[in-house]
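So the chains spell out like this:
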Amino acid sequence: SAMRLGYNWKWGPFELLDRIGPAWFAGRLEADGVAVPPLLRLVGEGSFYRVEDGRLQYLTLDGGYADVVRPDGVLLLEDIKRLSQPVAKNGSASLWDIGDRVACLEFHSKMNAIDAETLDLIDKAIGIVAKEFNALVIYNEGSNFSVGANIGLALFAANVAVWPMVEDLVARGQKIYRKLKHSAFPVVAAPFGMALGGGCEVCLNADGVQAHAETYIGLVEVGVGVIPAWTGSTELLTRWVQHKKRPGGPMPPLAQTFETIGMAKVAKSAFEARELLFLRAGDEITMNRDRLLADAKAKALALARDY
């Protein structure tokens, strides 16, 4: 993982070799007159990594396999997914049991854009978590937390003038995001990468946020000519109204909210997100991406104690 992070690769060198085929690669080296490293001979027709009984294993130097052991404080959804089935699932999102009566809602649509199916699963998850769990974490292991509402759907509806479809999507999003905010259990959002538009609004409606340091969060809707309509505008205004350091009177919080939304401001980091009030005083920041889910789960459990 250090090599992956250091070189900013999606896969490390051995994962890449598994994908192109170690045996094929060894054959190419021989054909080109390059010495084949002993480890590459050792793997033979096999692979450097394998999954055995839902556990990820790696090839050891004596030719056997050993379980990949995660460091303390590291919890990965990919490990949970190997060992279990989702509690609920559709094409855009899934709900997982991550232990200690905490559920995890995972987006997995293209770019994690939020569509009608995502909203369906958020709605369904609220019902399931209220009955079977104590808290909900919203997190995934895609490249981005969520780039917001699926604008393509809205544009298609607008182009063919099916305005009821647009109105329905706006109304449903508002209703479900509000339901999330006022649910009977704590919700912790764990954003990373891009958390834009509807992805930002998920965070605005959570009881707490555990953000990765590299989070680009903002309400960007005005950039495509629409207004944040899944409660983002009112949530941000509420935060500025309640902000202890704001000047008095009704106008400053309005001006500040208009400026942030009107200029489609995006925080360049979780630290900047605090200044724009996308993160509140109690929201926390995780530096190591591998520790984000464990930190978010701990936050959810702390909130659940006397929620």
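This text goes with the structure placed above it.
Since we're looking at a predicted model, the values are computed, not measured. (Residues numbered from 1 in each chain as written. Predicted model: local features only at pLDDT ≥ 70, side-chain atom pairs only at ≥ 80, totals over all residues. Heavy atoms only, no water.)

Draft legend 1. Representation of the overall build of the chain within the structure. Of regular secondary structure, the chain possesses 13 helices and 12 strands. With respect to the principal axes defined by its C-alpha atoms, the chain has extents near 75 × 45 × 35 Å. Counting every position in the chain, which comprises 307 residues, the buried fraction comes to 42%. Pairs at least 24 residues apart make up 62% of the contacts formed inside the chain by residues separated by at least 6 positions. As presented, the chain carries roughly 15900 Å² of accessible surface, and 58% of it is formed by carbon and sulfur atoms. (Helix = DSSP H or I, 4+ residues; strand = E, 2+ residues; numbered from the N terminus. Buried < 20%, exposed > 50% of the residue type's maximum accessible area, 1.4 Å probe, protein only. Contact = heavy atoms within 4.5 Å. Areas by Shrake-Rupley, 256 points an atom, 1.4 Å probe, with all protein chains shown as cover.)

Draft legend 2. Molecular detail of the pattern of salt bridges. Enumeration over the complete set of coordinates arrives at 16 salt bridges. Measuring nitrogen to oxygen at the nearest pair gives 3.9 Å for the salt bridge that ties aspartate 32 to arginine 28. Residue classification places aspartate 32 among the exposed residues on the basis of a relative accessible area of 52%. A salt bridge links lysine 179 to aspartate 123, with the nearest nitrogen and oxygen atoms 2.5 Å apart. (Salt bridge = Lys/Arg side-chain N within 4 Å of Asp/Glu carboxyl O.)

Draft legend 3. Seen up close, the environment of proline 253. Assignment of secondary structure puts proline 253 in helix H11 (residues 251–262). Counting along the chain gives 170 residues from proline 253 to leucine 83, while the straight-line C-alpha distance between them is 48 Å. Once residues lying within four places of it in the same chain are set aside, the contact partners of proline 253 are Leu237, Trp240, Val241 and Arg246.

Draft legend 4. Representation of the pairing of strand E1 (residues 49–52). Note that E1 and strand E2 (residues 55–59) share four bridges and pair antiparallel. Looking at E2, one finds that arginine 50 is bridged to glutamine 57. Joining the antiparallel neighbours E1 and E2 is a turn of two residues, in which aspartate 53 adopts a positive phi near 50 degrees. (Pairing = 2+ DSSP bridges.)

Draft legend 5. The arrangement of the side chain of glutamine 210 in detail. With respect to the helices and strands, glutamine 210 occurs in strand E10 (residues 208–212). Only 2.8 Å separates the side chain of glutamine 210 from the side chain of threonine 286, close enough to count as a polar contact. Among all residues touching glutamine 210, those that are not within four sequence positions of it are Val188, Ala189, Ala190, Pro191, Glu284, Ile285, Thr286, Leu292, Asp295, Ala296 and Lys299. (Polar contact = N/O pair within 3.5 Å; in protein donor to acceptor, adjacent residues only side chain to side chain.)

Draft legend 6. Fine view of the sheet that holds strand E12 (residues 284–286). Here seven strands make up an open sheet; going across it, the order is E4-E5-E6-E7-E8-E10-E12 and the pairing mixed. Looking at the sheet topology across the chains shown, the edges are occupied by strand E4 (88–89) and E12. Looking at chain direction, E4 and strand E5 (residues 93–97) are connected through two bridges and run antiparallel. Among the inter-strand pairings, lysine 89 is bridged to a residue of E5, identified as serine 94.

Draft legend 7. Spotlight on helix H8 (residues 163–181). Its 19 residues give H8 an end-to-end C-alpha distance of 27 Å, which sits within 8% of 27 Å, the value for a rise of 1.5 Å per residue. Buried within H8 we find Leu169, Gly173, Ile176, Tyr177 and Leu180. For H8, the buried positions fall inside an angular range of 100 degrees around the axis, keeping them on one side. The outward face of H8, more than 90 degrees from its buried face, is lined by the exposed residues Pro164, Glu167 and Lys175. On the buried face of H8, the contacting elements are helix H6 (116–132), strand E7 (135–138), strand E8 (187–189) and helix H9 (198–204). (Expected span 1.5 Å × (residues − 1). Arc of directions from axis to C-beta.)

Draft legend 8. Focus on the state of the cysteines. Enumeration over the complete set of coordinates arrives at zero disulfides. Free of any disulfide, cysteine 203 has its nearest cysteine sulfur in cysteine 200, 6.3 Å distant. (Disulfide = S-S within 2.5 Å.)

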